[in-house]
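Residue-level structural notes
This is what each chain is made of:
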Amino acid sequence: MESDLEKLPPLNAIKAFEVAARTGSFTLAASELGVSSAAVSQQIRNLETWFGKQLFVRTGNRITLTDAGHAIYPQTARALGDIAAIGQRMLEGGLRTRLVVSVPFSLAELWLAPRLAELLDAYPHMAIDVRVEDDPIDLLRQNVDLRISYGDYHYPGLRMVRLVHDDVLPVCAPDFWDRHGKGVSGLTDLHESLFIHTNWGPNYASHPTWTDWFAACGGSRSPDPSHGRRVGLSSLAIASARLGLGIALGQRVMAQADLEAGRLIALSPVSVRLGHPYCAFMPPAKADRADVAALVGLLMKTAPAT
């Protein structure tokens, strides 16, 4: 009688297929696997022969999944993810679950950390590994359980949940407004040196500016960043405003706790939405794990209404 192991497809070919499908290229797959493109192509041919199905359409140097390839990709990614997770847990010394969360710099302290504290109330003995890094990352290779990312476009093929579509609004410390807000009818009359500008960096073009905010109010003012205070992180803009250094166009998810505690005040109900939502990405094999699902649920539940 044929055993279940004898029914398994060739595992090296499965790995080559998963990497080629994920990267969309035999060349990139070869680089990740440390072999030649010809070796990857041969492994794919072996797998196609085993299944009796064509898995890729090859057009010059480009490859696209066929219907049969699309049908088996989620299962292969999940199976390889499970195997990688088992190996990592064994290497860490036992089968204790460790939640590995990857997050952008700006969200780590003011949004994620308080939510992790709430998660630990429910799972007091959970081991958590927080990695602060920019997109893109390789969740499978780096054994990341959950990646929080700005935008829904970085990680095709992974499980995605939209967490919050944030907005920005003008905030400052109460004593700052007591000193500088007297005798002015609104932000239009303030000196340009009092505005805090966030430099989002060369990779982002969809974040709103003070010009956008004044336009949303029906005005045409465009504060000059060279005359104000400039910072390189949205979380630093919130911290600067809290310290009384100026008025920040702050993200609501980061300013929420300070607004509720009275450390910051909102100077207008007018806000401007960011260009993209914040999303959680998870390998399919890990998306339904209890700790991962609990954190995603907590992030969605505690996100401010925007």
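Overview of the structure. Everything numeric here is computed off the predicted structure, so don't read it as measured data.

1. Structural notes on the overall build of the protein chain
A count of helical and extended segments in the protein chain gives 10 helices and 13 strands. The C-alpha extent of the protein chain, read off along each of the three principal axes, is 90 × 50 × 30 Å. Taken over 306 residues, the protein chain has a buried fraction of 45%. Put simply, 74% of the contacts in the protein chain that link residues at least 6 apart link residues at least 24 apart. For the protein chain, the accessible surface area stands at approximately 15500 Å², while carbon and sulfur atoms represent 54% of it. Taking the average location of the 29 positive side-chain charges in the protein chain and that of its 31 negative ones, the two points are 1 Å from each other.

2. Some details on the side chain of Arg115
Inspection of the secondary structure assignment puts Arg115 in helix H5 (residues 105-122). It turns out Arg115 is buried and unbridged, and the closest side chain with the opposite charge, Glu118, is 5.0 Å from it. One polar contact links Arg115 to Gln256, side chain to side chain, over a distance of 3.3 Å. In this structure Arg115 touches Leu110, Gln256, Leu298, Leu299 and Thr302, once residues within four positions along its chain are discounted.

3. Looking at the nonpolar core
Formed by 53 residues in total, the largest nonpolar core has its most connected members in Leu107, Trp111, Leu146, Ile148, Leu163, Leu187 and Trp210. Of all the elements, H5 adds the most residues to this core, at 7 residues. Setting aside anything within four residues of it in sequence, one finds Leu107 in contact with Leu112, Ile148, Val253, Met254 and Tyr278. Within the second largest apolar cluster, 20 residues are counted, among which are Ala16, Phe17, Val19 and Ala77.

4. Describing the pairing of strand S2 (residues 62-65)
Residues Ile63 and Leu65 line the buried face of S2, whereas the alternating positions Arg62 and Thr64 sit on a face that is not buried. Sheet analysis places strand S1 (residues 56-59) next to S2, joined by 4 bridges and oriented antiparallel. Looking across to S2, one finds that Thr59 is bridged to Arg62. Counting the residues that bridge the hairpin from S1 to S2 gives 2 residues, and of these Gly60 lies at a positive phi of roughly 65°.

5. A look at the pairing of strand S7 (residues 167-172)
Among the 6 residues of S7, 6 are classified as buried, and the element is accordingly described as predominantly covered. Every second residue of S7 is oriented toward a common face, with Asp167, Leu169 and Val171 on one face and Val168, Pro170 and Cys172 on the other, all of them buried. Here 4 bridges tie S7 to strand S10 (residues 247-251), and the two strands are oriented antiparallel to one another. The residue of S10 that forms the bridge with Leu169 is Gly250. Across 2 bridges, the pairing between S7 and strand S11 (residues 265-266) is antiparallel. Within S11, the position partnered with Val171 by the bridge is Ala266.

6. Looking at helix H1 (residues 11-23)
Compared with the 18 Å implied by 1.5 Å per residue over 13 residues, the 18 Å span of H1 between its first and last C-alpha is a close match. After H1 finishes, the residue Gly24 shows a positive phi value of roughly 75°.

7. Points about the packing of H5 against helix H10 (residues 290-302)
Put simply, H5 and H10 touch, their axes get as near as 10 Å, and they point 120° apart. In terms of axis orientation, H5 runs oblique to H10. Seen from above, H5 lies across H10 with right-handed handedness. In contact with Trp111, Leu112, Arg115, Leu116, Glu118 and Leu119 of H5, H10 contributes Ala294, Leu295, Leu298, Leu299 and Thr302. Of the residues contributing to the contact of H5 with H10, the split by class is 8 nonpolar, 1 polar and 2 charged.

8. Things to note about the sheet that holds strand S5 (residues 146-150)
Pairing is mixed across the open sheet formed by 5 strands, whose spatial order is S4-S3-S5-S13-S6. The outermost strands of the open sheet, each flanked by one partner alone, are strand S4 (127-132) and strand S6 (159-164). On average, adjacent strands in this sheet sit at an angle of 20° to one another, irrespective of strand direction. Note: strand S3 (residues 98-103) against S5, 2 bridges, orientation parallel. Considered in S5, the bridge of Val101 is made with Leu146. Here H10 sits on the sheet in contact with S3, S5, S6 and strand S13 (278-282), set at roughly 30° to S6.

9. Here we look at the packing of aromatic side chains
Here a ring pair, both rings aromatic, is described through the centre-centre distance and the interplanar angle of the planes. Counted according to the given criterion, the structure contains 12 aromatic pairs. Considering the side-chain rings of Phe17 and Tyr73, the 6.4 Å spacing of their centres and the 70° angle between planes classify their relative orientation as edge-to-face. You can see Phe17 sitting in helix H1 and its partner Tyr73 sitting in helix H4 (residues 67-91), a full 56 residues away along the chain. Exposure remark for Phe17: the relative accessible area of 0% places this residue in the buried category. Using a relative accessible area of 11% as the deciding quantity, one classes Tyr73 as buried. Seen in terms of ring centroids, Phe195 and Phe214 are 6.1 Å apart; in terms of plane orientation they differ by 75°. Their pairing is edge-to-face. Pair noted here: Phe195 is in strand S8 (residues 195-198) and Phe214 is in helix H7 (residues 210-216), with a separation of 19 residues, a long-range link. As far as burial versus exposure is concerned, Phe195 and Phe214 are alike and both buried. By way of ring pairs, the aromatic residues Phe17, Phe26, Phe56 and Tyr73 are connected into one cluster.

What counts, and at which threshold
- Just so you know, the residues in each chain are numbered from 1, in the order the chain's sequence is written.
- Side-chain atom pairs in this predicted model are given and counted only at pLDDT of 80 or more, local residue features only at pLDDT of at least 70, and totals for whole chains, interfaces and linings cover all residues.
- Where side-chain values are given, they derive from all heavy atoms of the structure, hydrogens and water being excluded.
- Think of it this way: any DSSP run of H or I at least four residues long counts as a helix, any run of E at least two long counts as a strand, and we number them from the N terminus.
- Classification of residues uses two cut-offs on accessible area relative to the type maximum, computed with a 1.4 Å probe and protein chains only: under 20% is buried, over 50% is exposed, and between them is partly exposed.
- Two residues form a contact once any of their heavy atoms are found within 4.5 Å.
- With residues, only the protein chains shown are counted as cover, and all accessible areas are computed by Shrake-Rupley using a 1.4 Å probe.
- In this charge count, Lys and Arg are treated as positive and Asp and Glu as negative; neither His nor the chain ends contribute.
- Taken as the charge location is NZ of Lys, CZ of Arg, CG of Asp or CD of Glu.
- Think of a salt bridge as a Lys or Arg side-chain nitrogen and an Asp or Glu carboxyl oxygen that are within 4 Å of each other.
- Two N or O atoms count as a polar contact when they lie within 3.5 Å, although within protein this holds only if one can serve as hydrogen donor and the other as acceptor, and sequence-adjacent residues are included solely when both atoms are side-chain atoms.
- The nonpolar core is taken to be a set of buried Ala, Val, Leu, Ile, Met, Phe, Trp, Tyr and Cys residues, with the residues joined through side-chain atoms within 4.5 Å.
- Two strands form a pair only when DSSP identifies at least two bridges running between them.
- Given a helix with a known number of residues, its expected span is that number minus one, times 1.5 Å.
- Between N-to-C directions, angles span 0 to 180 degrees; the directions come from axes that are lines fitted to C-alpha atoms, helices contributing only their stretch in contact.
- When describing relative orientation, an angle under 35 degrees is termed roughly parallel and one over 145 degrees roughly antiparallel, while 65 to 115 degrees is termed roughly perpendicular and anything else oblique.
- With the far helix as reference, a near helix turned anticlockwise by less than a right angle produces a left-handed crossing, and one turned clockwise produces a right-handed crossing.
- For this classification, the nonpolar set comprises Ala, Val, Leu, Ile, Met, Phe, Trp, Tyr, Cys and Pro, the charged set comprises Asp, Glu, Lys and Arg, and every other residue, Gly included, is treated as polar.
- What counts as a ring pair is set by centres within 6.5 Å for rings of Phe, Tyr and Trp (its six-membered ring), and what kind of pair is set by the plane angle: stacked under 30 degrees, edge-to-face over 60, tilted for all other angles.

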